[in-house]
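Structural overview for review
In case you want the letters, here they are:
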Amino acid sequence: MFLVMVGSFAAMVFFSGALSAVVPWLMRRRECFAVTIPETAQRDPRIMAMKRRYAAVMMALTVVCTVLVAGVLLVLGEQGANKHPVLLTGAIVVGVTVPIAASFALMLHYRKQITALKHAQGWKAESAHAAAVIADIELPSAIPLWWNLLYLPVIALTAGVAIVGYPYMPDMIPMHSDFAGNVTDWAEKSPGVAAFPVLVQLFMAVVFVFSHWSITRSKAPISPDRPTASAYAYGVFARSQSIFLLASGLLISTVLGLVFDLSALDVIGMDVCIVIILAAVAPVLIGAVAISVVYGQAGSRVFARLEDKDGLPADDDEHWKLGIFYFNRDDASLFLPERFGIGWTINLGRPAAWAVIAGFILFTVLFLCAVFALVS
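The text that follows walks through the structure, step by step, so that each part is easy to find. None of the values given here were measured: they were computed from a predicted structure.

The next subject is the packing of aromatic side chains. Taken as a whole, this structure holds 15 aromatic pairs when the rule is applied. Summarising the aromatic geometry, the rings of Y54 and F340 are spaced 6.0 Å apart at their centres and angled 85° between planes, so their arrangement reads as edge-to-face. With Y54 in helix α3 (residues 45-83) and F340 in the loop between β7 (335-337) and β8 (344-346), this residue pair connects regions lying 286 residues apart in the sequence. By relative accessible area, which is 10% here, F340 ends up buried.

Structural data, given as structure tokens:
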């Protein structure tokens, strides 16, 4: 089991870093390192060289971080990992955060070079163009929010197992284990402890539903040159991401809930719990990478063979701070696709954005307080 965990952590570091390495090729064709450029400029040898250098550095760092995490785990061994949890956690944190930080730093570095090249080449929008789509056919979009009602039977199943099995639970319920599956922390049996997995599922459901809602409320990046095609591509992207989000949330919440209940009933050991959780995380990680590569950011790869257009119908670089933070008081949109990366971001120029951020922080704090109250 220890080797399975080593492989799982190493794979997590490698896949996340590898996805970061190919991000420049997944963005919309009018964007490069968070800078608006003509689509035809993507074939510029200087820009192509920057993207290759970025990918080479990121892949090298990813390999180093993957070897670091796997190496530390193997050197420590099962017993050493249990005795030195701080060292182990530090290695994993470094392995995950270094590629993320490096990606951001490299993006800023090449963003500066692309901006200078853009000014030198005179790539600018003479006037801002926008487009709307009124199609004769129904364009794809994110799946309806009512699909999230599927969380209810999952939560009900977990609660039902806990209620029926509560009389058969031992006086002390395992809450934490080491890498060998040996229990290192217990909680005295109580209704609050039995309700712990249900609380976790409720928290996850709220987070996933909010993420789904933000997709449905996001501004669609419609290209004035090809409005219908770009709207269709974004719709396919939004639909695939919303389906994946729902499937991932249902899978993880179901596994976490039932694993806790079965462990509390002493049906399975903590070592088996760890393997089951890792097995559930694997398809989520692989699926995230696969969807990103297949569809690209905002559907950029749906029509990958369309002829590239010259010129800039619109340019909103001034509203993107450091390439990833969108700040535009005149934009009524609260959510919109990211400029560098896969997914969505929030318009920090809207007061509602700060209310959303504050609300999420408050909700998380309340959740942690509730957990502490239940298991203490």
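Peptide bonds are, in most cases, trans, and in most cases residues other than glycine have a negative phi. At D266, a position not held by glycine, the phi torsion is positive, near 65°. Here D266 lies in the loop between α8 (227-264) and α9 (270-295).

Closest axis-to-axis distance for the helix α5 (residues 151-165)/helix α7 (residues 196-216) pair is 9 Å, and the angle between their directions is 170°. Considering their axes alone, α5 and α7 lie roughly antiparallel with respect to each other. Residues Y151, V154, I155, T158 and A159 of α5 touch α7, and the partners they reach there are P197, V198, Q201, L202, A205, F208 and V209. For the contact of α5 with α7, a count of residues per class yields 10 nonpolar, two polar and no charged.

Calculation notes
- Residues numbered from 1 in each chain as written.
- Predicted model: local features only at pLDDT ≥ 70, side-chain atom pairs only at ≥ 80, totals over all residues.
- Heavy atoms only, no water.
- Phe/Tyr/Trp six-rings, centres within 6.5 Å; stacked < 30°, edge-to-face > 60°.
- Helix = DSSP H or I, 4+ residues; strand = E, 2+ residues; numbered from the N terminus.
- Buried < 20%, exposed > 50% of the residue type's maximum accessible area, 1.4 Å probe, protein only.
- Axes fitted to C-alpha atoms, helices over the stretch in contact; angles between N-to-C directions.
- Parallel < 35°, antiparallel > 145°, perpendicular 65-115°, else oblique.
- Contact = heavy atoms within 4.5 Å.
- Nonpolar A, V, L, I, M, F, W, Y, C, P; charged D, E, K, R; others polar.

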